[in-house]
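Letter by letter, the chains look like this.
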Amino acid sequence: MRILICEDSALLREGLVRVLEDAGHTVVAALADASQLDETADRTSPDLCILDVRLPPTWTDEGIRAALALRSRHPALALLVLSQYVEERYAADLIAPSAGSLGYLLKDRVADVSDFLEAVDRIAGGATVLDPEVVAQLLSRRARDTRMQRLTDREASVLALIAEGRSNQAIARTLHVSEGSVEKHITAVFQKLGLEPDESGNRRVLAALAHIEHGGIPPQTGADR
């Protein structure tokens with residue numbers, strides 16, 4: 001896989017290069033800021049771009065703005081955004097309009113090399129992978145979508161795991177249920193959220209984004225029908 005990195009910390013930047021190249025990937029460029037990001041992406045045609053949320057010169061939202069610009073210019077480019085802390089507003093800004101492969105992870109996750117490399121592969125393969133801490137904070141917001149209140153506790157749990165980018169098999173292991181049960185819960189979630197089958201097959205991502213965007217929380221009834 002061809003990977004473009006944009007990270008201002010020299011230590012982390014070089015660490016990412018080493019980890020990714022040791023795993024067999026090709027790092028086409030490793031930039032310290034976003035000033036040459038567009039030109040480098042045009043020239044190197046990466047499959048995945050890894051960016052820090054906060055980049056020079058202001059260390060505020062340069063990374064998010066750069067990611068959004070890249071997504072506009074290169075819709076097929078997979079994006080992985082890294083953050084020191086959960087940046088709820090920035091995460092929402094990036095996730096809400098996203099229609100492509102996307103990851104949002106805390107930098108601490110990079111320390112677990114195997115999990116980090118697995119996330120890289122999943123994002124490059126078309127998945128949306130969100131750090132559990134990011135999901136937890138986004139889900140803690142007040143629910144603004146009555147559709148979410150239709151979900152049972154189990155359905156809400158399944159949807160939260162979908163938002164983390166988990167496969168049906170992984171969800172089944174986490175909840176200690178069969179994959180068949182997971183599939184039934186997912187079908188119910190799609191129905192309750194009004195997500196009809198379509199040719200793009202992206203109902204899973206749309207469900208996760210709806211849950212995150214509207215701060216979905218478990219239903220008040222406590223029922224697990």
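Quick note: structure is the one above.
Residues numbered from 1 in each chain as written. Predicted model: local features only at pLDDT ≥ 70, side-chain atom pairs only at ≥ 80, totals over all residues. Heavy atoms only, no water.

1. Digging into a negative patch on the surface
Thought 1: Together, Asp112, Asp115, Glu118 and Asp121 make up a region of like negative charge exposed at the surface.
Thought 2: Take Asp112: it is sitting in the loop between β5 (102-106) and α5 (113-124).
Thought 3: Asp112 sits in the partly exposed class, given a relative accessible area of 35%. (Patch = residues over 30% accessible without salt bridge, like charges linked within 9 Å, V, L, I, M, F, W, Y side chains within 5 Å. Areas by Shrake-Rupley, 256 points an atom, 1.4 Å probe, with all protein chains shown as cover. Salt bridge = Lys/Arg side-chain N within 4 Å of Asp/Glu carboxyl O. Lys, Arg positive; Asp, Glu negative; His and termini not counted. Charge placed at Lys NZ, Arg CZ, Asp CG, Glu CD. Helix = DSSP H or I, 4+ residues; strand = E, 2+ residues; numbered from the N terminus. Buried < 20%, exposed > 50% of the residue type's maximum accessible area, 1.4 Å probe, protein only.)

2. Observations concerning the nonpolar core
Thought 1: Leu37, Cys49, Leu51, Leu70, Leu79 and Leu159 are the most contacted members of the largest nonpolar core, which has 46 residues in total.
Thought 2: With 5 residues, the single largest contributor to this core is helix α7 (residues 153-163). (Core = buried A, V, L, I, M, F, W, Y, C linked by side-chain atoms within 4.5 Å.)

3. With respect to the packing of helix α1 (residues 10-22) against α5
Thought 1: As a packed pair, α1 and α5 sit with axes 11 Å apart at the nearest point and diverge in direction by 75 degrees. With respect to α5, the element α1 is oriented roughly perpendicular. Here α1 contributes Leu16, Val19 and Leu20 to the contact with α5, which in turn contributes Val113, Phe116, Leu117 and Val120.
Thought 2: Looking at side-chain class alone, the contact of α1 with α5 contains 7 nonpolar, no polar and no charged residues. (Axes fitted to C-alpha atoms, helices over the stretch in contact; angles between N-to-C directions. Parallel < 35°, antiparallel > 145°, perpendicular 65-115°, else oblique. Contact = heavy atoms within 4.5 Å. Nonpolar A, V, L, I, M, F, W, Y, C, P; charged D, E, K, R; others polar.)

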